[in-house]
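Now for the letters of each chain:
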Amino acid sequence: SIDDELRWDGELTVTRHDRETDTTFVIRIDSTRLGPASGGTRAAHYPSIGHALADAGKLAGAMTLKMAVSDLPMGGGKSVIALPAPRNRIDSATWTRILDIHAENIDKLEGNYWTGPDVNTNSSDMDQLSRITKYVFGRSVDNGGAGSSAHATALGVFEAMKATARRRGLGTLDGRTVLVQGLGAVGGDVVRLAAQAGARLLVADTDPQRLEAASLAGHTVVPAGEVLRTPCDLFAPCAMGGIIDSAAAASIPTLAVAGAANNILTDAAAGAVLRSRGVLCAPDFVANAGGAFHLVGREVLGWNEDDVVERTLGIGRTLDEVYSLSEERGITTEAAALLLARARLSPASATAAAT
Ligand code: NAI
Ligand code: PHE
């Protein structure tokens, strides 16, 4: 319920409703402990405002952990635009009005929150926001921004897949069966990289056009509803979060999980079930940090493309650290990654964060 959702440990929740478009706007700042909060703008049709608040809160929390574990000088936040209908049913005039209102809200936070692209928003939407507010990452390159973060995200997810397969005893991806759920901006690139590495690709999406393209490229299509029942060596969720709950964790026929989606596991219990079955799971806020390296690196830290690639390739090493800690302590990989992130967020590391 909304009451439960507002009993939240984050720093700030901002909401606004626009009667004309019947749209509700949410910005949640989870933490500014390490710097201004940052995280993308997600647009979706939610069953209720409570669901939109919950999604924004979980996603903002994941951003805090992503920035911390990645050693980026930013906090965590996220925006959710709760649309009156699915995104593809919103006409362009309505969408422009929605973006303008969202930009006004962001501007009122005066730089405590920086947005960027997320599901259902892209670089041209960031261009539109930037007409009203400057607190925007990921504008198009022609408009002075860093452009899409998807390629860097995919590169990092691919590193995560390799590191996870290796640690699970699968060796390289060559000849392994990899199931990619979601063939969008990130998933499409992940498929290409995994195929180049010699993996056998199983692919799922709800969009028939994307499936057709993947099928033409020689990959095997799995019905979207069968993903959690399809045997594979490694499962790469690159669509939406919340797909592995405890029940799915108890039965999913795979040896490893590494993907791009934020909040892949519904809760800590799901992670514990995966661990008990020996399914090695890459914590998403470590695996999908390539996009944050791209946006924050290019637009805040003055990195060039090579710097972004170098830091993104480091995701494999961070995961190795996570996996070793998880083995040493006998805890889930998610809990181990949380320990690494929280060490950086703790008051004791205040001096380190300030420098
Ligand atoms: P996208 O919107 O381009 O692609 C998502 C794809 O998933 C679409 O092709 C869609 O049809 C498909 N899909 C949706 N529901 C599905 C279902 N039930 N079964 C199978 N396919 C389904 O999004 P993008 O940018 O590729 O992001 C994918 C995920 O990665 C999201 O969860 C996003 O939050 C996360 N992520 C993205 C980053 C980025 O830089 N783009 C960075 C970090 C995380
Ligand atoms: N939305 C993406 C993510 O979840 C990219 C992003 C990173 C957007 C950092 C804004 C800031 O990582």
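Residues numbered from 1 in each chain as written. Chains lettered and ligands numbered in written order. Predicted model: local features only at pLDDT ≥ 70, side-chain atom pairs only at ≥ 80, totals over all residues. Heavy atoms only, no water.

**Focus on the pattern of salt bridges**
Consideration 1: For the coordinates displayed, the defined rule picks out 17 salt bridges.
Consideration 2: Where glutamate 159 meets lysine 162, a salt bridge forms, and the shortest distance between an N and an O atom there is 3.0 Å. Of the two residues, glutamate 159 and lysine 162 both sit in helix α5 (residues 150-167), three residues apart, roughly one turn of that helix.
Consideration 3: The class of lysine 162 is partly exposed, set by a relative accessible area of 28%.
Consideration 4: Note that aspartate 320 is salt-bridged to arginine 167, the shortest N-O span being 3.5 Å. Placement of the pair is aspartate 320 in helix α13 (residues 315-329) and arginine 167 in helix α5, with a sequence separation of 153 residues.
Consideration 5: What makes aspartate 320 partly exposed here is its relative accessible area of 23%. (Salt bridge = Lys/Arg side-chain N within 4 Å of Asp/Glu carboxyl O. Helix = DSSP H or I, 4+ residues; strand = E, 2+ residues; numbered from the N terminus. Buried < 20%, exposed > 50% of the residue type's maximum accessible area, 1.4 Å probe, protein only.)

**A short note on the site of ligand 2**
Consideration 1: Every one of the 13 residues lining ligand 2 counts as a neighbour, but Ser38, Lys66, Pro117, Asp118 and Asn262 are closest to it.
Consideration 2: Within the contact set of ligand 2, an oxygen atom lies 3.4 Å away from a side-chain nitrogen or oxygen of lysine 78.
Consideration 3: Between ligand 2 and aspartate 118 there is a distance of 2.8 Å, counted from a nitrogen atom to a side-chain nitrogen or oxygen.
Consideration 4: Against a free-state accessible area of 310 Å², the protein chains account for coverage of 95% of ligand 2.
Consideration 5: Secondary-structure elements contributing two or more residues to the shell around ligand 2 are α2 (49-69) and α11 (290-299).
Consideration 6: The biggest single contributor to the shell around ligand 2 is α2, with three residues.
Consideration 7: A breakdown of the residues in the shell around ligand 2 according to their chemical character gives five nonpolar, five polar and three charged. (Near = heavy atom within 4 Å. Polar contact = N/O pair within 3.5 Å; in protein donor to acceptor, adjacent residues only side chain to side chain. Areas by Shrake-Rupley, 256 points an atom, 1.4 Å probe, with all protein chains shown as cover. Nonpolar A, V, L, I, M, F, W, Y, C, P; charged D, E, K, R; others polar.)

**Notes on the site of ligand 1**
Consideration 1: In the neighbourhood of ligand 1, 24 residues make up the surrounding shell, with Ser149, Thr153, Asp205, Arg210 and Ala239 lying closest.
Consideration 2: A distance of 2.6 Å separates an oxygen atom of ligand 1 from a polar backbone atom of alanine 239.
Consideration 3: At 3.1 Å, a side-chain N or O of asparagine 262 approaches an oxygen atom of ligand 1.
Consideration 4: In the complex, 81% of the free accessible area of ligand 1, which totals 840 Å², lies under the protein chains.
Consideration 5: Elements supplying a minimum of two residues to the shell around ligand 1: α5 and α6 (185-196).
Consideration 6: Residues that form the shell around ligand 1 fall into these classes: 10 nonpolar, eight polar and six charged.

**Structural notes on α2**
Consideration 1: Between its terminal C-alpha atoms α2 stretches 30 Å, which fits the 30 Å expected from 21 residues at 1.5 Å a residue.
Consideration 2: Summarising burial for α2: 16 of the 21 residues are buried, a large majority.
Consideration 3: Capping of α2 at its N-terminal end is provided by serine 48; its side-chain oxygen lies 3.3 Å from the backbone amide nitrogen of glycine 50. (Expected span 1.5 Å × (residues − 1).)

**Topic: the layout of surface pockets**
Consideration 1: The space that makes up the second largest pocket amounts to roughly 660 Å³.
Consideration 2: Lining of the second largest pocket is provided by 25 residues; of these, Gly61, Ala62, Leu65, Leu338 and Arg342 occupy positions nearest its centre.
Consideration 3: Where the lining of the second largest pocket is concerned, the elements lending two or more residues are β2 (23-31), α2, α10 (284-287) and α14 (333-345).
Consideration 4: Ranked by the residues each element gives to the lining of the second largest pocket, the list is headed by α2, at six residues.
Consideration 5: Considering only residue class, the lining of the second largest pocket consists of 10 nonpolar, eight polar and seven charged. (1 Å grid on protein atoms, 1.4 Å probe; cavity = no way out; pocket = protein on both sides within 12 Å on 5 of 7 lines; lining within 4 Å. Points joined across faces, edges and corners; volume = space filled by probe spheres on them.)

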